[in-house]
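Single-letter residue listing:
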Amino acid sequence: MYRTALRNVLAHKGRLLMTALAVMLGTAFVAGTMVFSDTFGKAMRDSNSKSYSDVSVQVVDRAAGSRATAKQKSEGGSASLTDATVQQLAALPGTAGARGIVSGFTGVADRSGNLIGQFWAAKGANFAPGQDGKDARYPMAEGQGPNGAKEIALDRKTADKAGYKVGDTVRVATNGPVIDAKLTGIFTTDDPVVNSGGTLTLFDRTTAQQLLLEPGRYSGIVLTAKPGTSEDALLAQARPKVPSGSQFDLETGTTLKADEQKMIAEGTNALRTVLLAFAGISLFVGIFIIANTFTMLIAQRTKELALLRAIGASRRQVTRSVLVEALAIGTLSAVAGLLAGIGIGAGMQSLMLTLNENMPQGSLVIKPLTVVVTLVVGVLVTVLSALLPAVRAARIAPVAAMSSGDQPVSQKSLVVRNTIGSVLAIGGLALIGFGAATGNDSGRMPVALGAFLALIGVFVLLPLLSRPVIALVGPVLRKLAGTPGKLAQQNAVRNPRRTASTAAALTIGLTLVSGLTVLGASVTGVIDRAVTSSMKADYLVGAANGMGLSDQVPAQIAKAPGVAASSPMTNVFWELNGTDKSISGLNAEGFDRLVDVKMVSGSTAALGQGRLLVDQDVAAKFNVTTGSTVSVRYPDESTGQLTVGGVYEKSGMLGPVVLANAEIAKHEPHAHISDVLVKGTDGATAALKQSLKDATGANPVIEVKSKQDVRDGFSQSITFVLNLMYGLLAMSVLVAILGVINTLAMSVFERKREIGMLRAIGLDRGGIKRMVRLESVVISLFGAGIGVLLGCFIAWAINGTLKSSLSGLTTVLPYGQLALFLALAGLVGLVAAIWPARRAAKLDILESIKTD
């Protein structure tokens, strides 16, 4: 029986090719993911291994991050890391050296005035030379370190990227005004920020403190231990010398390295999990192809298997022979998938380097676990997929050897299948509806479980659904294609199980794609309405790094030509009625010209009287209305009372509480400025936009956005995520295409006599091709249509669970995109039918008619 199984594999290798390719693609995705994540993780660890090479103990002031707010200062008191702290730590018995560190955001402009690199990877630091005038952390390749307020040094990669040479004038920007500084030196470094494609700018100590923190303050101190002094011992010596305060962290270099390695591992594991999830989808789609292939092969070999039973083969032996075939195919495909996966891993690494040439790189890492997992997954998926067809093969009676061919499907099996499918589908849909009705995150688990059950239920019911659904397109096919169209429709429903198995692969992909698309359109819509509907201003001026603007920016903008009204948007956290609340600050004058809020009660004029405006949620929680008072605790620990001047509908642009900037400044004079709203005398014009850029000193960090720019910013983020998902789902769609090709090719083989008879009675080669192509298109559109409907329904349910988080969220159906998906599915069917259709048209008439 084993020899028979292997002989069958060789005899049907052409028909098993698509199955092998499906398994290979799925396992290649798995292997490629594991190779890439292991390689990338190792490269990251190696790149950052030197980050703490000279660190025995590090002290960090968390409240020193880019001009601490009043709240942070009040929490930490007046404590900070100063020169006195550095001297005290340097005098410890176990300290060989101590240096103060200043760190913060610093953007560098290229010669066109644009920011080099990404804002999140733009860093500034202090140049800390020793007695020899050199800083071991930043060895100068050209020139010398900065030694004045208008001098800087740049890392080699940044200087080369912008074409800067020593002596050039470079424009840099922190969270304050822009600076035109002289480039005095170009250095090399193994700093992780630079290694990951960021920029690093060095200032002298005084300038760095002035620009990045405040005079005399450090963000951290690094200690190097003397020989014979352990890191833990030095840590114990240093702890009493560090100012008291919850914002100070002390860690040994070993701990810092371990934490960084752990963070890298968690990041790569998260990446691996996401990629493996999509690899799993591809393998799940492949299950339908494998099961369909073996079902068709067994149907074609009914007489052969019955003859084996007649000459003494037991049911167990027949089952084993089919499973041995699956084992052989799975093993060969998994090995091929492993080799292809190694290539995919190398390709993904090259792609990362193409997107960011500074990403860390290293040799490919192929762990034994990757090999084992790939082979086991490939074999298991193939064997388990063939298990049900193998069991069916064992049930073929010996008397079938004398029959003409296909064994009829029992009515009982159809009833059982449809009953199970109905129960799963109805139960799943009910769970989805229940989860959506909750309106909050408690419904997400029922929706997830319901979606899974509904998807399985629909798969089980696809044979039942195929006849009535495909029958709907019958008149259209007959009208457009005549006899080939009629034959295509009949062929598509001739074997509902086969049609369902082929269509299911596309159903999975379209369910996910359409669901993601509807979710993206819905979230984009609600964010757009929430943010821009209340924005009357023509422009929104803010920092590209998302950090606060300096106090000078609002005044600069107010004086710009063409500005009719402007106001900084500040944000503070004060305690109202015993609860910390975010308070948005705007200038009372010009408020109505810049912001559009729908008042439920009261008036926006109350802002000018020093009163609060609260949204409906806060009013309900605090049980207040216009004229009520709330108690407030200010950052300086003083208390008072504020009167509610009005209640407004919840707005995405404003926080839950609004207060005039003049009132906020009385208790928090340096409040965080997130943006500046600007209204132009002539509206949003190119001249006003340029005027605002000029007023801020052509700062590369500051962005001037129109209302449409704000919309585009949100939509681009969502579009990027969707495109990434589409790309990852492309593999499963490719596997689905292989399934359609496989089914049609094997169907053509089964129907050789029928095709020969059609040719004999007058249907030409072109008609045969149209028949096969239309059959493929119908099956593809059937699977895609079911997937789109199911995906839209699941997206609607998920939206229901998000309503508590995104007020005003409604389900948006992007009909254009959904129609495009259906059109692409039809195109997939057309492309998949090219080879089977040509093969069918080339069949010899007489040989086909003689086929047994």
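Bear in mind that the values here come from a model prediction, so they are computed numbers and not experimental data.

Reading the values: rules and limits
- Residues numbered from 1 in each chain as written.
- Predicted model: local features only at pLDDT ≥ 70, side-chain atom pairs only at ≥ 80, totals over all residues.
- Heavy atoms only, no water.
- Axes fitted to C-alpha atoms, helices over the stretch in contact; angles between N-to-C directions.
- Helix = DSSP H or I, 4+ residues; strand = E, 2+ residues; numbered from the N terminus.
- Parallel < 35°, antiparallel > 145°, perpendicular 65-115°, else oblique.
- Contact = heavy atoms within 4.5 Å.
- Nonpolar A, V, L, I, M, F, W, Y, C, P; charged D, E, K, R; others polar.
- Phe/Tyr/Trp six-rings, centres within 6.5 Å; stacked < 30°, edge-to-face > 60°.
- Buried < 20%, exposed > 50% of the residue type's maximum accessible area, 1.4 Å probe, protein only.
- Core = buried A, V, L, I, M, F, W, Y, C linked by side-chain atoms within 4.5 Å.
- Arc of directions from axis to C-beta.
- Left-handed = near helix turned anticlockwise from the far one by under 90°.

Caption draft 1: Inspection of the packing of helix α26 (residues 815–832) against helix α27 (residues 834–841) at higher detail. As a packed pair, α26 and α27 sit with axes 4 Å apart at the nearest point and diverge in direction by 40°. What the angle tells us is that α26 and α27 run oblique. Two secondary-structure elements touch here, α26 through Leu830, Val831 and Ala832 and α27 through Ile834, Trp835 and Pro836. Residue classes in the contact of α26 with α27 are distributed as six nonpolar, no polar and no charged.

Caption draft 2: Examining the packing of aromatic side chains more closely. Enumeration over the complete set of coordinates arrives at six aromatic pairs. Relative to phenylalanine 821, the ring of tyrosine 726 lies with its centre 6.2 Å away and its plane at 75°, an arrangement referred to as edge-to-face. Here phenylalanine 821 lies in helix α26 and tyrosine 726 lies in helix α23 (residues 707–750), a separation of 95 residues in the sequence. Relative to tryptophan 796, the ring of phenylalanine 793 has its centre 5.5 Å away and its plane inclined at 25°; by these criteria the two rings are stacked. Highlighted residues: phenylalanine 793 and tryptophan 796, both in helix α25 (residues 765–802), separated by three residues, approximately one helical turn. For phenylalanine 793, a relative accessible area of 28% translates into the label partly exposed.

Caption draft 3: Fine view of the nonpolar core. Ranked by internal contacts, the top residues of the largest apolar core, which has 75 residues, are Phe294, Leu305, Phe459 and Leu462. Once you skip the residues sitting within four places of it in the chain, phenylalanine 459 turns out to touch Phe284, Phe288, Arg417, Ala504, Thr507 and Ile508. Formed by 37 residues, the second largest nonpolar core is a distinct cluster that contains Val59, Val86, Ala159 and Leu250.

Caption draft 4: Layout of helix α22 (residues 686–695). Of the positions making up α22, those classed as buried are Leu688, Ser691 and Leu692. Taken around the axis of α22, the buried residues stretch over an arc of 100°, which confines them to a single face. Structural note: α22 exposes Ala686 and Ala687 on the side pointing more than 90 degrees away from its buried face. Each element contacted by the buried residues of α22 is listed here: β13 (539–543), α18 (552–558), β14 (563–576), β21 (672–680) and β22 (702–706). One or two positions beyond α22, positive phi appears at glycine 697, with a value near 75°.

Caption draft 5: The packing of α25 against α27, seen in detail. In contact at an axis separation of 8 Å, α25 and α27 are set at 145° when each is read in the N-to-C sense. In the packing of α25 onto α27, the handedness of the crossing is right-handed. Facing α25, whose interface residues are Arg765, Ile768, Lys769, Val772 and Arg773, α27 presents Pro836, Ala837, Arg838, Ala840 and Ala841.

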